[in-house]
Amino acid sequence: MTDIMQIVKDRDPQENEFHQAVHEVTESIKPVMDANPEYRQQKILQRLVEPERVIIFRVPWMDDQGEVHVNRGFRVEMNSAIGPYKGGLRFHPSVNLSIMKFLAFEQVFKNALTTLPMGGGKGGSDFDPKGKSDTEVMRFCQGFMSELYRHIGPDTDVPAGDIGVGAREIGYLFGMYKKLTNEFTGVLTGKSLNWGGSLIRPEATGYGSVYFAAEMLQTRSQTLEGKTCLVSGSGNVAQYTTEKLIELGAKVVTLSDSSGSIFDDEGIDARKLEWIKQLKNVRRGRIQEYTDQYASAVYTPFDPNLDHNPLWDHNADCAFPSATQNEINATDAQNLINNGVYVVCEGANMPTTPKGVDVFLQNNLLYGPGKAANAGGVSVSGLEMSQNSMRLTWTRKEVDERLQIIMRRIHSTCLEASEQYGVGGNYVHGANIAGFVKVVESMLDQGLV
Ligand code: NDP
């Protein structure tokens, strides 16, 4: 197994996030590789870590003052063994090829777990939507799509949103795709309801993550009612995680953005959450403003010199990291445990560092890795594709029920796979093994392509 890590590191030495994601999977699947010698003969790992296709392109655009900017666009088409490439677009200044490849790699296994026919991909740009006017965002999205359109399609590659790409961006991207191809198809998911979107898609990742946590708690005959929860982020995933937690009777006491975090001892109730949605989705303000509105809260600015994140240092039962990768290190993980947290459910992708994951696993936490816990988003994207193909719309109740069934199934699949390979209750190994086997068997069926 060391061999594959050596190959990956030698080939792309600077891609730390990608190495981290590959390492986690290869550690989990050791017993599967040992039980299936054919996988080694067929060099299945070497094939899995090499994207089927990577597209990198220039995106020139003009700001409102007439100044020209040049960003870089990416689409990593990682694996299409079980369906068209599927995965979000991220617009954030930190975006680079390593982050795109790690996200695309994770997406392959996540999509396999959903039970829906979707391969894995991811894309985005180092463009920063923060502080940009609507027209600047529109011009950027149009420039981005003027290249991406030739590589995607409803049966080829179907992007969605991710960090920095919400309903507004999906609208501008879809408009440009439609103009260039002269086709109205389900080429993107996360669309608005009026033109092909699915009910529950905005809520799906957050709701799904809470459903997954509820399933984990049920294995100990517990529910979320009355639990104190720490949530990070304040974007799409964090908002709907908070909404579902409130609905199920839990108390959410934290949220954050990239500048800092708030702690509200009295809890963030439905009214306060509505205010946050306005702040973040309409006014596009900073989370710090919450403390001007609600005196019960304190704000702690993000300090890059600290060795830990204060958000994870409060008494609680559950934690829902829902902002970004590597936001929980080993110190944070230990702080969570010292403060009584025994459920960690990852709404974000790879929010915990490998050392943090070790701390969780050594302490017998109910730990749901992002690959499984945040798969609700892409699952409802898959349902949006089905509705688009059939040209009909399911009700809110219908989609929510399907989402709950899928999250329940992902949970039981992870548990069963972990038990089959002697690591019962380890959702990290369970998710990696179950996703891996499905993709690999499909690749082998389809020959050396
Ligand atoms: P949004 O852009 O809606 O929100 C992201 C939130 O995280 C914002 O509050 C943002 O703060 C904060 N954030 C972003 N980057 C950083 C950083 N480097 N440090 C600290 N905080 C940061 O994105 P989503 O809610 O959609 O995505 C959140 C996470 O969930 C990501 O890991 C994403 O990959 C994952 N995910 C999302 C899915 C979806 O359906 N949207 C599906 C599955 C996973 P600020 O406002 O300052 O930028």
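Look up a bit, the structure's there.
Enquirer: Would you mind showing me how to read the sheet that holds strand E10 (residues 318-320) here?
Expert: Strand pairing in a sheet is mediated by backbone hydrogen bonds. Such pairs are either parallel or antiparallel. With mixed pairing, seven strands are arranged side by side in an open sheet as E9-E8-E7-E6-E10-E11-E12. The two strands at the open ends of the sheet, each matched to only one other strand, are strand E9 (297-301) and strand E12 (366-368). Taken pair by pair, the neighbouring strands of this sheet meet at an average axis angle of 15°, ignoring direction. In this sheet, strand E11 (residues 343-345) lies alongside E10 in parallel orientation, the contact comprising two bridges. When the bridges of E11 are listed, cysteine 318 appears paired with valine 343.

Enquirer: Just checking my understanding: could you explain the packing of helix H16 (residues 376-390) against helix H17 (residues 396-420) for this structure?
Expert: Two quantities define a packed helix pair, namely the angle between the helix axes and the distance between the axes. At their nearest, the axes of H16 and H17 sit 10 Å apart, and the two run at 130° to each other. Accordingly, the angle class assigned to the pair H16 and H17 is oblique. Once H16 is placed against H17, the crossing between them reads as right-handed. Note on element contacts: H17 touches H16 through Val399, Arg402, Leu403, Ile406 and Met407, opposite Gly376, Ser379, Val380, Leu383 and Gln387. The residue inventory of the contact of H16 with H17, partitioned by class, reads six nonpolar, three polar and one charged.

Enquirer: Before we go on, may I ask you to explain the site of the ligand in this structure?
Expert: Near the ligand, the surroundings consist of 25 residues, among which Asp162, Thr205, Ser258, Arg286 and Asn349 are the closest. In the model, an oxygen atom of the ligand is placed 3.2 Å from a nitrogen or oxygen of the lysine 130 side chain. With respect to the ligand, the backbone of serine 234 contributes an N or O atom lying 3.0 Å from an oxygen atom. Burial of the ligand by the surrounding chains reaches 83%, relative to a free accessible area of 890 Å². If you list the elements that add at least two residues to the shell around the ligand, you get helix H9 (201-218), helix H10 (236-247) and strand E7 (251-257). Among the residues making up the shell around the ligand, the classes are represented as four nonpolar, 14 polar and seven charged.

Enquirer: Explain the nonpolar core to me, please; I cannot follow it from the model alone.
Expert: One recurring pattern in soluble globular proteins: nonpolar side chains tend to sit buried together. If you look at the biggest cluster of nonpolar residues, it comprises 92 residues, and the most contacted ones within it are Ile44, Phe105, Phe212, Leu245, Phe320, Ile410 and Phe436. Tallying contributions element by element places helix H6 (residues 97-113) first for this core, with ten residues. Residues within four places of isoleucine 410 in sequence aside, it is in contact with Leu113, Thr114, Phe212, Ala372 and Ala375. Ranked by size, the runner-up nonpolar core spans 22 residues in total, among them Phe91, Phe140, Leu148 and Phe174.

Enquirer: Where do I start with helix H2 (residues 16-28) in this structure?
Expert: Since there are 3.6 residues in each turn of an α-helix, residues three or four apart along the chain are aligned in direction. An ideal rise of 1.5 Å per residue puts 18 Å on 13 residues; H2 measures up with 19 Å between its terminal C-alpha atoms. Among all positions of H2, only Phe18, His19, Gln20, Ala21, Val22, Val25, Thr26 and Ser28 are buried.

Enquirer: Would you explain a nonpolar patch on the surface in this entry?
Expert: On the surface, a cluster of nonpolar side chains totalling about 290 Å² of accessible area is made up of Met62, Val68 and Val70. On the basis of relative accessible area, methionine 62 is assigned to the partly exposed category, the value being 42%.

Enquirer: Quick question: what am I supposed to make of the pairing of strand E6 (residues 228-231) here?
Expert: As a general feature of sheets, a regular strand has side chains that alternate between the two faces. Side-chain alternation along E6 places Thr228 and Leu230 on one buried face and Cys229 and Val231 on a second face that is also buried. Note: E6 against E7, three bridges, orientation parallel. Residue pairing for E7: cysteine 229 is matched across the bridge by valine 252. The parallel pair E6 and E7 is bridged by H10, and the resulting crossover is right-handed.

Enquirer: Got a minute to help me understand the packing of aromatic side chains in this structure?
Expert: Two measures describe an aromatic ring pair: the distance that separates the ring centres and the angle between the ring planes. Per the counting criterion, the structure on display carries 20 aromatic pairs. Here the aromatic rings of phenylalanine 57 and phenylalanine 144 are separated by 5.2 Å at their centres, their planes lie at 50°, and the arrangement is tilted. Within this pair, whereas phenylalanine 57 is found in strand E1 (residues 53-62), its partner phenylalanine 144 is found in helix H7 (residues 134-148), the two being separated by 87 residues in sequence. Here phenylalanine 57 and phenylalanine 144 have matching classes, each one buried. With 6.0 Å between their ring centres and 35° between their planes, phenylalanine 140 and phenylalanine 144 make a pair best called tilted.

What counts as what
Residues numbered from 1 in each chain as written. Predicted model: local features only at pLDDT ≥ 70, side-chain atom pairs only at ≥ 80, totals over all residues. Heavy atoms only, no water. Pairing = 2+ DSSP bridges. Helix = DSSP H or I, 4+ residues; strand = E, 2+ residues; numbered from the N terminus. Axes fitted to C-alpha atoms, helices over the stretch in contact; angles between N-to-C directions. Parallel < 35°, antiparallel > 145°, perpendicular 65-115°, else oblique. Left-handed = near helix turned anticlockwise from the far one by under 90°. Contact = heavy atoms within 4.5 Å. Nonpolar A, V, L, I, M, F, W, Y, C, P; charged D, E, K, R; others polar. Near = heavy atom within 4 Å. Polar contact = N/O pair within 3.5 Å; in protein donor to acceptor, adjacent residues only side chain to side chain. Areas by Shrake-Rupley, 256 points an atom, 1.4 Å probe, with all protein chains shown as cover. Core = buried A, V, L, I, M, F, W, Y, C linked by side-chain atoms within 4.5 Å. Buried < 20%, exposed > 50% of the residue type's maximum accessible area, 1.4 Å probe, protein only. Expected span 1.5 Å × (residues − 1). Patch = residues over 30% accessible without salt bridge, like charges linked within 9 Å, V, L, I, M, F, W, Y side chains within 5 Å. Salt bridge = Lys/Arg side-chain N within 4 Å of Asp/Glu carboxyl O. Right-handed = clockwise from strand over helix to strand, strands pointing away. Phe/Tyr/Trp six-rings, centres within 6.5 Å; stacked < 30°, edge-to-face > 60°.

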